[in-house]
Amino acid sequence: MKLDAIDRKILDILAHDSGVTSERLGLRIGLSPSAAHRRVKLLEESGMILGYRARLSPAARGRPSTVFVSVTLVDQRQTTLAAFEDALLRTSVIREAHLMSGESDYLLKVLIRHEDSYERVHREVLATLPGVQRLVTQFTIRTLAVDE
């Protein structure tokens with residue numbers, strides 16, 4: 001789908017406030033509510049908008065600590081990567097996973113709820129992922145900016 005200036009503006013507005021009504025969206029981009037709604041539906045159908053979600057407060061998330069884990073796999077064969085990635089999809093503590101260049105293969109963003117422990121997550125989740133050779137953990141001290 002080729003995006004025009006109005007589509008880009010819609011995407012920018014929705015990225016900051018996915019709950020905006022068609023009426024308010026239309027006012028902000030100079031379209032009627034029904035035209036704005038049609039544009040959003042087309043963006044959804046074309047795959048430009050993948051979905052919507054609620055931004056939860058730290059309290060709603062159980063006041064989690066953020067931990068970054070660099071993962072080195074035993075090898076980089078397609079079967080090893082696929083098995084690792086499939087297992088990642090079944091874990092609830094891993095918020096993001098990035099295939100990386102450099103020393104490690106993946107960088108994981110892990111959220112540890114206040115009532116949980118990193119020791120348990122390391123032992124029962126991360127260390128049991130298929131193909132893992134090495135885990136290097138870094139704990140955040142403070143988060144300055146959040147883009148969620």
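Above this text sits the structure in question.
Residues numbered from 1 in each chain as written. Predicted model: local features only at pLDDT ≥ 70, side-chain atom pairs only at ≥ 80, totals over all residues. Heavy atoms only, no water.

**Things to note about the overall build of the protein chain**
Now for step 1: The number of helices and strands found in the protein chain is five helices and four strands.
Now for step 2: The linear arrangement of helices and strands in the protein chain, starting from the amino end, is α-α-α-β-α-β-β-α-β.
Now for step 3: The C-alpha radius of gyration computed for the protein chain amounts to 20 Å, which surpasses the reference 15 Å derived for 148 residues by more than 25%, pointing to a less compact arrangement than a globule.
Now for step 4: Split into buried and exposed, the 148 residues of the protein chain put 29% on the buried side.
Now for step 5: Taking the contacts inside the protein chain whose residues are at least 6 apart along the sequence as the reference set, 64% of them involve residues at least 24 apart.
Now for step 6: With the model as given, the accessible surface of the protein chain reaches about 10,200 Å², and the carbon-plus-sulfur share is 52%. (Helix = DSSP H or I, 4+ residues; strand = E, 2+ residues; numbered from the N terminus. Rg over C-alpha atoms; globule rule 2.2 N^0.38 Å. Buried < 20%, exposed > 50% of the residue type's maximum accessible area, 1.4 Å probe, protein only. Contact = heavy atoms within 4.5 Å. Areas by Shrake-Rupley, 256 points an atom, 1.4 Å probe, with all protein chains shown as cover.)

**A word on the packing of helix α2 (residues 22–29) against helix α3 (residues 33–45)**
Now for step 1: Here α2 crosses α3 at 95°, and the two axes come no closer than 8 Å. On the basis of their axis angle, the class for α2 and α3 is roughly perpendicular. Along the contact surface, α2 presents Ser 22, Glu 23, Leu 25, Gly 26 and Ile 29, while α3 presents Pro 33, Ala 36, His 37 and Val 40.
Now for step 2: The residue makeup of the contact of α2 with α3, split by class, is five nonpolar, three polar and one charged. (Axes fitted to C-alpha atoms, helices over the stretch in contact; angles between N-to-C directions. Parallel < 35°, antiparallel > 145°, perpendicular 65-115°, else oblique. Nonpolar A, V, L, I, M, F, W, Y, C, P; charged D, E, K, R; others polar.)

**Some thoughts on the pattern of salt bridges**
Now for step 1: Scanning all chains against the criterion turns up 10 salt bridges.
Now for step 2: Its salt-bridge partner being Asp 116, residue Arg 120 comes within 2.7 Å of it at the nearest N-O pair.
Now for step 3: The partner of Arg 123 in a salt bridge is Glu 119, with the nearest N and O atoms 3.9 Å apart. Placement of the pair is Arg 123 and Glu 119 together in helix α5 (residues 118–124), with a separation of four residues, close to one helical turn. (Salt bridge = Lys/Arg side-chain N within 4 Å of Asp/Glu carboxyl O.)

**Re α3**
Now for step 1: Between the first and last C-alpha of α3 there are 18 Å, a value that for 13 residues agrees with the 18 Å anticipated at 1.5 Å per step.
Now for step 2: Within α3, the full set of buried residues consists of Ala 35, Ala 36, Val 40 and Leu 43. An end-on view of α3 places all buried positions within 140° of arc, on one side of the element. Turned more than 90 degrees from where α3 packs its buried face, Arg 38 and Glu 45 sit exposed.
Now for step 3: Those residues of α3 that are buried lie in contact with α1 (5–16) and α2. (Expected span 1.5 Å × (residues − 1). Arc of directions from axis to C-beta.)

**Overview of the sheet that holds strand β4 (residues 132–139)**
Now for step 1: Judged by pairing direction, the sheet is antiparallel, and its four strands sit side by side in the order β2-β3-β1-β4 without closing on themselves. Across the chains shown, the open sheet's two edge strands, defined by having one partner strand only, are β2 (94–99) and β4. Here the strands of the sheet are splayed against their neighbours by 20° on average, with no regard to which way each runs.
Now for step 2: In this sheet, β4 lies alongside strand β1 (residues 65–73) in antiparallel orientation, the contact comprising seven bridges. Bridge assignment links Ser 70 to a residue of β4, and that residue is Val 136. (Pairing = 2+ DSSP bridges.)

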